[in-house]
Each structure stands twice: as structure tokens, then as C-alpha cells.
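# Chain and residue survey
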Amino acid sequence: MNAKPLALVTGASAGIGAAFARALAARGEDVALVARRLDRLEALAEELRTTHRIEAIPIQADLSIVDAHAPIMDALGARGRSIGTLVNNAGFSVPQSYEKTTWPQQRDFVMTLVTAVAGLTHAALPGMIARGQGRIINVSSITALSPGGAGHTLYPAAKSFVLKFSLSLDAEVRRQGVRVTCVVPGTT
């Protein structure tokens, strides 16, 4: 068993998540890669193992389910691993007017972009505080600063939550050695 904390990246199968995973691995950090598409996670894990000689753990997970963090934490616990860096990046958008979508589409969106962020953070935080160090990086969006707009109705609200959650949590845990950062990218 490896007691060294690792970096866990959600939405790691593509885009910003894959870029975070590559950057963390290049720094020598072991990574747990979380997304729904296992084939992409396994390919990225193999790339990172080969290129950077780190441990890369692919974990297939659907973050839209209740308590989505639990099986992820169980998978890490079974390997004797804990989270030293958490990158909450997973996300998507529902590009239609609110009333033309189904409730399951909107529910899955909120579960992934809001509830899973809070759940994974809540699960990882005690270990970070106990070690006196940790990093939480939450990926928001420039839309968190917007007044909102038609279409993608819940997206600005969810990303505003991520921003405000990050600021509040950082104020709570910084003195305990845990740094919380919110990344606010533009269109990607």
C-alpha cells in the first residue's frame, strides 16, 4: 500500500480535466482519474504511467448519482490511498431552454456540477485537515460572473455556486493548511 496522497481529477477523460491530470503527473504526483468513459481513462492512465512513471488509477464513475463520491472513496481506500489534491472539474451543459428539457436532464446536471463537488470535497477534507495540508481546485466558469441568460439556464447558477463555495471553504480551512482555489475559465 502507498500512503502518499494523490491527486484526484474528475472529468479527467478530456479537456481541462485531462490537462490537469497531465500537469499533475508531470509534477510527479500520482493521479486518480474519474469520469464515465473508462476507455478514455485507461488510455490516459497508461500515457501518464509511461511518460511520468507515476501511479495512475482510472475510476469509472457517474457523478450524477446520489452519493457519487462514496464508491470513488471506497476504490481509493481499497488501495490504501487518500486525496492530497482534489480537482473538481467534471461538468457539462444542457443547451436548451429550461422548459424544453426533462427534469432528469436538469437533475443530473445539478448532481454533477453541484452535489458531487460538495460530496467529494466533504469526503476528502478530513484527511487533508488531519495531515495539515491539501489542495482543492474547483473549476467554475466565467459565466459565474454573468447575470445569466437564456438557454443553459442552470449553468451560471451552478458555476456561481462553485465560486462562492470555494471562497467560503478557503476562508474556513486555509489556517488548517488546506488551500482552496477556484479556476474561472472562459469558453473552451
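Just above, that's the structure.
To start, this report covers the structure provided alongside it. As the structure is a prediction and not an experimental result, all values here were calculated from the model.

## Here's the deal with the environment of Asp62
Considering the arrangement of structural elements, one finds Asp62 in the loop between strand 3 (56–60) and helix 3 (69–78). Residue classification places Asp62 among the partly exposed residues on the basis of a relative accessible area of 35%. Once the C-alpha coordinates of Asp62 and Leu113 are considered, the two residues, 51 residues apart in sequence, prove to be 12 Å apart. Residues contacting Asp62, with those up to four places away along its chain left out, are Arg36 and Ala68.

## Overview of the layout of surface pockets
Approximately 800 Å³ is the volume found for the largest pocket. Along its surface, the largest pocket is lined by 33 residues, and Asn89, Ala90, Gly91, Phe92 and Ser93 are the ones closest to its centre. Elements with a minimum of two residues in the lining of the largest pocket: helix 1 (15–26), strand 2 (31–35), helix 4 (103–131) and helix 5 (155–173). Per element, the largest residue contribution to the lining of the largest pocket is 3 residues, and it comes from helix 1. In terms of residue class, the lining of the largest pocket is built from 12 nonpolar, 16 polar and 5 charged.

## Side note on the side chain of Thr112
If you trace the backbone, Thr112 turns up in helix 4. Not counting the four nearest positions on each side in its chain, Thr112 is found in contact with Leu63, Ser64, Ala90, Phe92 and Val117.

## Structural notes on the packing of aromatic side chains
According to the stated counting rule, one finds 3 aromatic pairs in the structure shown. Consider the rings of Phe161 and Phe165, whose centres lie 5.5 Å apart with planes at 10°: the pair is stacked. With Phe161 and Phe165 both in helix 5, this residue pair falls 4 residues apart, about one helical turn. Taken together, Phe92, Phe109 and Tyr155 form an aromatic cluster joined through their ring pairs.

## Description of the environment of Ala70
Take Ala70: it is sitting in helix 3. According to the relative accessible area criterion, Ala70 is partly exposed, its value standing at 30%. For the pair formed by Ala70 and Thr10, sequence separation is 60 residues and the distance between their alpha carbons is 14 Å.

Reading guide: rules and limits
- Residues numbered from 1 in each chain as written.
- Predicted model: local features only at pLDDT ≥ 70, side-chain atom pairs only at ≥ 80, totals over all residues.
- Heavy atoms only, no water.
- Helix = DSSP H or I, 4+ residues; strand = E, 2+ residues; numbered from the N terminus.
- Buried < 20%, exposed > 50% of the residue type's maximum accessible area, 1.4 Å probe, protein only.
- Contact = heavy atoms within 4.5 Å.
- 1 Å grid on protein atoms, 1.4 Å probe; cavity = no way out; pocket = protein on both sides within 12 Å on 5 of 7 lines; lining within 4 Å.
- Points joined across faces, edges and corners; volume = space filled by probe spheres on them.
- Nonpolar A, V, L, I, M, F, W, Y, C, P; charged D, E, K, R; others polar.
- Phe/Tyr/Trp six-rings, centres within 6.5 Å; stacked < 30°, edge-to-face > 60°.

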